[in-house]
Structures are given as C-alpha cells and as structure tokens.
Amino acid sequence: MSAESDALNEQIKQSVALLRRHLDWDVAEGRLADLNNRAEDPALWNDAAAAQKLMRERNQIASAMEGVLKLETDVSDALELIAMAEADGDAAMVAEAMGSLRAAADEAKRREIESLLSGEADSNDCYIELNSGAGGTEAQDWAEMLMRMYMRWAEQHGYKVQFLEESEGEQAGIKSATLQVSGPNAYGWLKTESGVHRLVRISPFDSNARRQTSFASVWVYPVVDDSIEIEINEADLKVDTYRASGAGGQHVNKTESAIRITHVPSGIIVACQTDRSQHRNRAMAMAMLKARMYEAELQRREAVTAAQENAKTDIGWGHQIRNYVLAPYQLVKDLRTGVETGNPAAVLDGDLDEFMAAALAARSGATRSEASANAR
C-alpha cells in the first residue's frame, strides 16, 4: 500500500467515525425502523402534510445511513483491489482503484460537512436580502455583484432562485433585492453569509481610477411552513403599496401592485413585487415577515447559547464578516474563520463552499476538520 492510500484510508475512517457519532447510529436505526413501520400504514396519507413530514425525515435518515455504509464498502473494495493489483504488478488497475479511493475521500468530506447542518431550520429553503451601504453607485454595484455571486453558487448546486423584490440603483447596480433560494439545506448552507461584506477595488466609476471601499449587507433567513405558529397582530403592521420597479411589463409598473410591510414593534420590513396581483404579493410578503420573525427567534436562541459558551461568532447585522480585495492585491478573507484565497474572481463567480464549511464548523463549535478545510 502507498502512503497516499494509507492517508486516504485514515482520513475516511475519521470521517465515518464522526458521521456515525453524529447520527447516533443505534438510535437512528431504531428511529428508521419505526418510520418504516408507520409509512406502511395506509391511514398515514389521510393527513398529507403529516405524511410528507414523516417521509422527509425517513428519507433523510435512510440517505445518511446508506451513505455511511456505502463509504465503508467503497473503501474496503478499493483497498482490496489495490492490494490485488500491486501483487499482480498491474499499474493501470492500481491507478483505477486509487481514483475510486480519492472519490470516496471526497464524498466523506462532503458528508462530514453536511453533518454540521443540524439546526432547526437548516433543511429549509431561504430568503436572501441584499442592501447596498453608504457610497452611492459604488455600493449599489457591489450589492449587485454579491447578488450575482449567490445566484451562481445556487446554480452550481442545483438550487432554484426566484426574484421577489429588486430596487435598481440610479446609475448602476441595486439598492436592494430579495431572492428566494429553494433546494435541500439551502438555509443551512447560506445562513453563515449574513453580515456586512466589504469590497476594495479600483473604481470603474471614477475617471481618476482611485481605489474605493464599498459595503453591502446580506441577510439570510429560512422559509417557514404554516405548521410553525408565529403570532402577528394586524394592528402592529404598516402596509404600503407602490409601483414595482424594473422589468415586469406595463401592468406591473403602472399599478401599485408592490407591497411593503413594516412590523412596527420589531422594525422588520419586507417587500414583494414579483406578482401582478397585489393580493398575491401581500401573501408572499406576509410569509416573508413570518420567516423573518422566526429567524429573529433563532438568532436570539443562538445568542444565548453563544454567550453561555463564550463563542466569538457574532454574525449579526452591522458586523463585517468578509473582505474582498481586488486592488492593489488579490485576496478574499473571512474575518471570522481566517479562511482566505488569492482568487477573488472564482469566489465572485460562486466558489463559496470553503468559506461556508469553515463558518459552519465554527458556528457549531466543532473543530475545523480536514473536510471543512477542503470543501469543494
């Protein structure tokens, strides 16, 4: 056996051990057996919502357990094949088996990172709100660059992106925008992106080509279903209607179909202009408000836990989390985890997994593992 195969085998063993502990294997087996029995009951589908929730939990546990077992089988098969090929002097077969072992190691890394997504709403879809900071056109252009970055990341992971609201800048970029990202663990992956993002570059809008610093804020919160009880008093709401901006056809732009709702006690503001119908926009805005209030509660719970553990992972609004430097040198650095790269073009094109993995590990209180450090 080569040093590389031994190292890969040890790395995968560590990942599998972590995954088994995270699943609490014996408990997971018992829970899966219970869910399988309940899934065979024809009466289950009398309540479609409850049935879907049960099947979703069942599929998540089954997928996690099957993934671990497959990793163990793939590694065992690859190591056996390597030993046989080396005994026969078959270099081509050794190379093929090493390729399988590297693929298993990559899969182990991915599953180890996903094991960090165990929060209450991590499996949900999410909303992303972007707002430009002070600085006029520079900041508005930066906000649009961030919006494109998250759209590219979502596309690369097979997620669906829907525009809910967009306010264009006077000359370029956007003042604000709200996106909905739909896909497995969308909120779990994106939640650590909340905060202030800082850009340093030579301004394309400055005829003197001076270096400029721009700020934009990102806020991520989960889409929540109707089963979560969040009381909203209509008397606490301020509802404004206005004409939608941007593309959307004559009807959208000439009627006051867009909705802005302010929850006065908390100061939370949401807006939606995606539909021609004011009623549908209002329904979507209310869903967004409910989600924002739910996220605020999650943040409060996390703040209590963080204070108890003396963790230093505050990612609230107004806290700078990442620098993107395009001039005089090339660097993107996350100030929470220390992760950095000299390829900002790739990051702005959606290559965010390494930053997300490290932030997830830090947020969960885990030691940043090899898997987190090499997320791809």
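From a predicted model like this one, the values you see are computed outputs, not experimental measurements. (Residues numbered from 1 in each chain as written. Predicted model: local features only at pLDDT ≥ 70, side-chain atom pairs only at ≥ 80, totals over all residues. Heavy atoms only, no water.)

*Asks:* Hey, could you go over the pairing of strand β3 (residues 174–182) for me, with residue numbers and the actual values?
*Replies:* Taken across its 9 residues, β3 has 8 buried, putting it largely inside the fold. A loop of 5 residues connects strand β2 (residues 160–168) with β3, the two strands running antiparallel in sequence, and glycine 173 in this loop sits at a positive phi of about 70°. (Buried < 20%, exposed > 50% of the residue type's maximum accessible area, 1.4 Å probe, protein only. Helix = DSSP H or I, 4+ residues; strand = E, 2+ residues; numbered from the N terminus. Pairing = 2+ DSSP bridges.)

*Asks:* Pulling in residues and values, what's your account of the sheet that holds strand β8 (residues 268–272)?
*Replies:* With antiparallel pairing, 3 strands are arranged side by side in an open sheet as β6-β7-β8. Every other strand in the sheet has two partners, leaving β6 (237–242) and β8 as the edge strands with one partner each. Neighbour-to-neighbour, the strand axes of this sheet turn through a mean angle of 15°, independent of strand direction. Note: β6 against strand β7 (residues 258–263), 6 bridges, orientation antiparallel. Bridging from a neighbouring strand, aspartate 240 pairs with arginine 260 of β7. (Axes fitted to C-alpha atoms, helices over the stretch in contact; angles between N-to-C directions.)

*Asks:* Got a sec to walk through helix α4 (residues 91–114)? Specific residues and values, please.
*Replies:* Taking 1.5 Å as the rise per residue, α4 with 24 residues should run 34 Å; its terminal C-alpha atoms sit 35 Å apart, in good agreement. Those residues of α4 that sit buried are Val94, Ala97, Met98, Leu101, Ala104, Ala105, Ala108, Lys109, Arg111, Glu112 and Ile113. The opening residue of α4 is aspartate 90, an N-cap whose side-chain oxygen sits 3.3 Å from the backbone nitrogen of alanine 92. (Expected span 1.5 Å × (residues − 1). Polar contact = N/O pair within 3.5 Å; in protein donor to acceptor, adjacent residues only side chain to side chain.)

*Asks:* Describe the confidence of the model for the protein, and please don't skip the residues or the numbers.
*Replies:* Residue-level pLDDT values for the protein average 84, and 87% of them are 70 or greater. Mean pLDDT values for the elements of the protein range from 41 in helix α11 (residues 370–373) up to 97 in helix α9 (residues 344–348). In this model residues 248–253 is a low-confidence stretch, pLDDT under 50, and it forms 10 contacts with partners more than four residues away in sequence or in other chains. In the model, residues 367–376 has pLDDT below 50 throughout and makes 24 contacts with residues more than four positions away in sequence or in other chains. (pLDDT = per-residue confidence, 0-100. Contact = heavy atoms within 4.5 Å.)

*Asks:* If you had to explain the packing of aromatic side chains to someone new, which residues and values would you point to?
*Replies:* Each aromatic ring pair is characterised by the separation of its centres together with the angle its planes make. Enumeration according to the criterion identifies 3 aromatic pairs in this entry. Geometrically, the ring pair formed by tyrosine 127 and tyrosine 221 is tilted, given 5.1 Å between the ring centres and 45° between the ring planes. Of the two residues, tyrosine 127 is situated in strand β1 (residues 126–132) and tyrosine 221 in strand β5 (residues 211–222); the sequence distance between them amounts to 94 residues. We classify tyrosine 127 as buried; its relative accessible area is 2%. Residue tyrosine 221 is classed as buried on the basis of its relative accessible area, which comes to 0%. (Phe/Tyr/Trp six-rings, centres within 6.5 Å; stacked < 30°, edge-to-face > 60°.)

*Asks:* Provide a residue-level description of the side chain of serine 194, including the pertinent values.
*Replies:* Within the secondary structure, serine 194 is located in the loop between α6 (186–190) and β4 (195–202). A relative accessible area of 1% places serine 194 in the buried class.

*Asks:* How would you summarise the environment of glycine 188 if you had to cite specific residues and measurements?
*Replies:* Within the secondary structure layout, glycine 188 lies in helix α6. Sequence separation of glycine 188 and leucine 117 is 71 residues, and the distance between their C-alpha atoms is 5.5 Å. Leave out the neighbours within four places in its chain, and glycine 188 touches Leu117, Asp122 and Leu360.

*Asks:* How would you explain the sheet that holds β3 if you had to name every residue and give the values?
*Replies:* Each strand in a sheet pairs with its neighbour through backbone hydrogen bonds, running either in the same direction (parallel) or in the opposite one (antiparallel). Strand order in the open sheet made by the 8 strands is β2-β3-β1-β5-β4-β9-β10-β11, with mixed pairing throughout. Each end of this open sheet is capped by a strand with a single partner; those strands are β2 and β11 (340–341). Across the sheet, helix α5 (residues 137–156) lies against β1, β2, β3, β4, β5 and β9 (320–325), angled at about 45° from β5, the strand it touches most.

*Asks:* Tell me about the environment of glutamate 57, and name the residues and values.
*Replies:* Positionally, glutamate 57 belongs in helix α3 (residues 48–88). Spatially, the C-alpha atoms of glutamate 57 and leucine 32 are 8.8 Å apart, while their sequence positions differ by 25 residues. Not counting the four nearest positions on each side in its chain, glutamate 57 is found in contact with Arg31 and Leu35. Side-chain polar atoms of glutamate 57 contact the side chain of arginine 31, separated by 2.8 Å.

*Asks:* Tell me about the packing of helix α2 (residues 25–39) against α3, residues and numbers included.
*Replies:* Two elements in contact, α2 and α3, have axes separated by 10 Å at closest approach and are oriented at 135°. Classified by the interaxial angle, the pair formed by α2 and α3 is oblique. Classified by chirality, the crossing of α3 by α2 is left-handed. Residue-level inspection shows Trp25, Ala28, Glu29, Arg31, Leu32, Leu35, Asn36, Arg38 and Ala39 of α2 in contact with α3, the latter providing Leu54, Met55, Glu57, Arg58, Ile61, Ala62, Met65, Val68 and Leu69. Grouping the constituent residues of the contact of α2 with α3 by class yields 12 nonpolar, 1 polar and 5 charged. (Parallel < 35°, antiparallel > 145°, perpendicular 65-115°, else oblique. Left-handed = near helix turned anticlockwise from the far one by under 90°. Nonpolar A, V, L, I, M, F, W, Y, C, P; charged D, E, K, R; others polar.)

*Asks:* Describe the pairing of β4, listing the residues and the values that go with them.
*Replies:* Most of β4 is tucked away, with 6 of its 8 residues classed as buried. Inspection of the sheet shows β4 paired to β5 by 8 bridges, in the antiparallel sense. From the neighbouring strand, histidine 197 faces β5, where its bridge partner is alanine 216. Relative to β9, β4 runs parallel, the two sharing 5 bridges.

*Asks:* An account of the nonpolar core is needed here, citing residue identities and associated values.
*Replies:* Counting residues in each nonpolar core, the largest one holds 60 residues, and the members touching the most others are Ile128, Leu130, Leu146, Tyr150, Leu190 and Tyr324. Beyond its immediate sequence surroundings of up to four residues, leucine 130 is in contact with Ala143, Leu146, Met147, Tyr150, Lys175, Ser176, Ala177, Leu179, Ser217 and Val218. (Core = buried A, V, L, I, M, F, W, Y, C linked by side-chain atoms within 4.5 Å.)

*Asks:* With reference to specific residues and values, describe unusual backbone geometry.
*Replies:* Looking along the chain, the bond that leaves alanine 327 and enters proline 328 is cis, with omega of 10°. Structurally, the position occupied by proline 328 is in the loop between β9 and β10 (331–334). The residue asparagine 185 is not glycine, and still its phi comes out positive at about 60°. Under the relative-accessibility criterion, asparagine 185 is labelled buried at 18%.

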